[in-house]
Amino acid sequence: MAFVYLDNNATTPLHPRAREAMLPWLGERHGNPSSIHRFGQAARNAVEEAREQVALLLGARAAEVVFTASGTEANNAVLAHVTGGAGRPGHLLLSAVEHPSIREMALRLARLGWEVTRVSPGADGVVPADAMRAALRTDTRLVALMLANNELGTLQPVPEVAQACRARGIPLLCDAVQAVGKIPVDVDELGADYVTVGAHKFHGPLGAAALWVRAGVEISPYLVGGGQERRRRAGTENVAALAGFGAAAAAAMDELAHRTAYLAALRDRFEAALPQRAPGALVHCAGAPRLPNTSHIALPGVEGESLLIRLDVEGIAVSTGSACSSGTVEPSKTLLAMGLSRDEALSSLRVSFGMMNRAEEVDHALDVLAREVAELRRVAPVAEAAAR
Ligand SMILES: Cc1ncc(COP(=O)(O)O)c(C=O)c1O
């Protein structure tokens, strides 16, 4: 078996239906959706069909969907809108496990005088709704709570927090980038005011994402220029990518029940065999509500980054949430926020399954993992000492 890709929370391979929808727009078809002539109108139709398909997947109306170039842009746009029009700095409330596209924006705003409260998850990787509710203030201008965490896969109590926000008239941003296409997501059930989605996490193309804005809720354009997206996001639409996004959404709609079961079966196969193959291995947040496709594991006595590199050499792609800065490996902020020690966080690994994975790949990955973990424990006395 040559290569096994188990990093589907980073990005996923393209669905054949997405590719098929994109190809004409990378070949014989072209046009600017803002042009009046037939070329432009054909491109416009493709974009609007995609909008309908994405809206359908979210239980939303097409007019509420604003296309963006990335989930990052969609998240940034909401923070910029809410804080830009605020006059003077106020209070932002976030979970401590938000994606960097929210966390880093909040850091920037903190430097401009905004007060930021970050609520940590429990040891189960779930941010308690009570703690979020208790942190709301009269000057809170925005609450951000993701639906599914990208590292742990844990699902967060968005509807409960949304209810409290609504009662106080505070807008809620829900980053649903990791959830959409893997589990059912309905914007009305979430109760948020803003929901962000990214195509490439569920077998759509890179460079296509959306911000859902509840009808009646304002969003000022983050990118200004032309009047695209009903003046909510300037810039000529990426027609090919949006056509692929729409088709990926339609495919997800058709396959959703099967996907959830299929991904959970791959994950469960992996997690059931893991303790025998890598003694001492633990699955983080195993008892919490979580995505069907994500296994976040701790391998005591093993440095996650070294293991990742060895697995890559052997053709297995996984991830750690660690970041490399100035030549040193920094542990994942999410794992630290959950209460793990630095050593525990650095010995962790994220394995995320996708619809193109097969059971044989899981078995092969376990064989390689078992071998490499044993080898690393033998040759890496420093990591072993850290684990004792
Ligand atoms: C939870 C979450 N939000 C936002 C993003 C950013 O999406 P994009 O890669 O489209 O910028 C990601 C991507 O990793 C994510 O996992």
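The preceding data block contains the structure.
In this text the structure is predicted, and so the values were computed from the model without any measurement. (Residues numbered from 1 in each chain as written. Predicted model: local features only at pLDDT ≥ 70, side-chain atom pairs only at ≥ 80, totals over all residues. Heavy atoms only, no water.)

Participant: How should I be thinking about the overall build of the protein in this particular structure?
Facilitator: The helix and strand inventory of the protein stands at 14 helices and 14 strands. By the compact-globule yardstick of 21 Å for 388 residues, the protein fits well, its C-alpha radius of gyration being 21 Å. With respect to the three principal axes, the spread of C-alpha positions in the protein is 65 × 55 × 40 Å. Each of the 388 residues in the protein was classed as buried or not, and the buried ones make up 55%. Taking contacts inside the protein between residues at least 6 apart in sequence as the whole, the part at least 24 apart equals 72%. (Helix = DSSP H or I, 4+ residues; strand = E, 2+ residues; numbered from the N terminus. Rg over C-alpha atoms; globule rule 2.2 N^0.38 Å. Buried < 20%, exposed > 50% of the residue type's maximum accessible area, 1.4 Å probe, protein only. Contact = heavy atoms within 4.5 Å.)

Participant: What am I meant to see in the site of the ligand here?
Facilitator: Near the ligand there are 13 residues, and of these Gly 71, Thr 72, Asp 175, Gln 178 and Lys 201 occur at the shortest range. Between an oxygen atom of the ligand and a side-chain N or O atom of Thr 72, the distance comes to 2.6 Å. In the model, an oxygen atom of the ligand is placed 2.8 Å from a nitrogen or oxygen of the Gln 178 side chain. For the ligand, the accessible surface in isolation is 390 Å², of which the surrounding protein chains cover 87%. Here the shell around the ligand takes three residues from helix 3 (residues 71-84), the largest share from any one element. Residue composition of the shell around the ligand, grouped by class: two nonpolar, nine polar and two charged. (Near = heavy atom within 4 Å. Polar contact = N/O pair within 3.5 Å; in protein donor to acceptor, adjacent residues only side chain to side chain. Areas by Shrake-Rupley, 256 points an atom, 1.4 Å probe, with all protein chains shown as cover. Nonpolar A, V, L, I, M, F, W, Y, C, P; charged D, E, K, R; others polar.)

Participant: What's the story with the environment of Asn 293 in this structure? I'm lost.
Facilitator: Considering the arrangement of structural elements, one finds Asn 293 in the loop between strand 9 (282-283) and strand 10 (294-298). Sequence separation between Asn 293 and Trp 212 is 81 residues; the distance between their C-alpha atoms is 24 Å. Residues within four places of Asn 293 in sequence aside, it is in contact with Asn 9, Lys 182, Leu 263, Val 351, Ser 352 and Phe 353.

Participant: Honestly, the nonpolar core in this entry has me stumped. Any pointers?
Facilitator: Soluble globular proteins tend to bury their nonpolar side chains together. Formed by 60 residues in total, the largest nonpolar core has its most connected members in Leu 58, Phe 67, Val 143, Leu 172, Phe 202 and Phe 245. Among the elements that take part in this core, helix 9 (residues 239-277) stands out by supplying nine residues, more than any other. Apart from residues lying up to four places away in sequence, Leu 172 is in contact with Val 143, Ala 144, Leu 145, Val 158, Val 161, Ala 162, Cys 165, Ala 192, Asp 193 and Tyr 194. Judged by nonpolar contacts, the second largest core, of 28 residues, contains Ala 278, Leu 299, Val 351 and Leu 366. (Core = buried A, V, L, I, M, F, W, Y, C linked by side-chain atoms within 4.5 Å.)

By themselves, these are just geometric observations and shouldn't be taken as functional.
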